[in-house]
Amino acid sequence: MEVQHQETENKGKFYINDGNEAIAEMTYSKAGEQKIIIDHTEVNDQYRGQNLGLKLVTAAVEMARKNNIKIMPLCPFAKRVFEKTAKFSDVLW
C-alpha cells in the first residue's frame, strides 16, 4: 500500500487506498509558503495496527525535508508521533 499525496492551493492530504477505497488519510492546511499544519489523521478501523498513520506522517516529513517546509502537528496522533520520533524534529515548527 502506497502513500499518495494530493494538494490544492491552501490544503493537502496524504492518503492510502486499498483498491478504490480510502483506508487512511492525513490532512493539512498551508500556513504560508514554508509551513503546514497537520490537522487530522484517520485510519479505517479494519486497518488499525498496521502503522498506516505513521506511514502518512513519515511521508509528510519526507515532503517537508525535500521542500524546506516546517510542520506543526495539531492533530493529536501526529503530535504523538513527533514527540516519540526524535529524527523528525528537524521539520518541527
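Note: the structure precedes this text.
Analysis parameters
Residues numbered from 1 in each chain as written. Predicted model: local features only at pLDDT ≥ 70, side-chain atom pairs only at ≥ 80, totals over all residues. Heavy atoms only, no water. Salt bridge = Lys/Arg side-chain N within 4 Å of Asp/Glu carboxyl O. Helix = DSSP H or I, 4+ residues; strand = E, 2+ residues; numbered from the N terminus. Buried < 20%, exposed > 50% of the residue type's maximum accessible area, 1.4 Å probe, protein only. Contact = heavy atoms within 4.5 Å. Expected span 1.5 Å × (residues − 1). Arc of directions from axis to C-beta.

### A short note on the pattern of salt bridges
Item 1. For the coordinates displayed, the defined rule picks out 4 salt bridges.
Item 2. Note that Glu 7 is salt-bridged to Lys 30, the shortest N-O span being 3.6 Å. Of the two residues, Glu 7 sits in strand 1 (residues 3–7) while Lys 30 sits in strand 3 (residues 21–30), which places them 23 residues apart along the sequence.
Item 3. In this structure, Asp 90 engages Arg 65 in a salt bridge whose closest nitrogen and oxygen atoms are separated by 2.9 Å. With Asp 90 in the segment after helix 2 (76–84) and Arg 65 in helix 1 (residues 52–67), the pair connects residues that are 25 residues apart, well separated along the chain.
Item 4. Residue classification places Arg 65 among the partly exposed residues on the basis of a relative accessible area of 40%.

### Some details on the environment of Val 3
Item 1. Looking at where Val 3 falls in the secondary structure, it is placed in strand 1.
Item 2. Exposure remark for Val 3: the relative accessible area of 26% places this residue in the partly exposed category.
Item 3. Residues contacting Val 3, with those up to four places away along its chain left out, are Phe 14, Tyr 15, Ile 16, Lys 55, Leu 56 and Ala 59.

### Focus on helix 1
Item 1. With 16 residues, helix 1 extends 23 Å between its outermost C-alpha atoms, agreeing within 8% with the 22 Å of an ideal straight helix rising 1.5 Å per residue.
Item 2. Within helix 1 the residues assigned to the buried category are Leu 52, Gly 53, Leu 56, Val 57, Ala 59, Ala 60, Val 61, Met 63 and Ala 64.
Item 3. In this fold, the buried residues of helix 1 make contact with strand 1, strand 2 (11–18), strand 3, strand 4 (35–43), strand 5 (70–73) and helix 2.
Item 4. Phi for Asn 68, located one or two positions after helix 1, is positive at around 55°.

### Thoughts on helix 2
Item 1. All of the buried residues in helix 2 are Ala 78, Val 81 and Phe 82. Projected down its long axis, helix 2 shows its buried positions confined to an angular sector of 95°, all on one face. The outward face of helix 2, more than 90 degrees from its buried face, is lined by the exposed residues Pro 76, Glu 83 and Lys 84.

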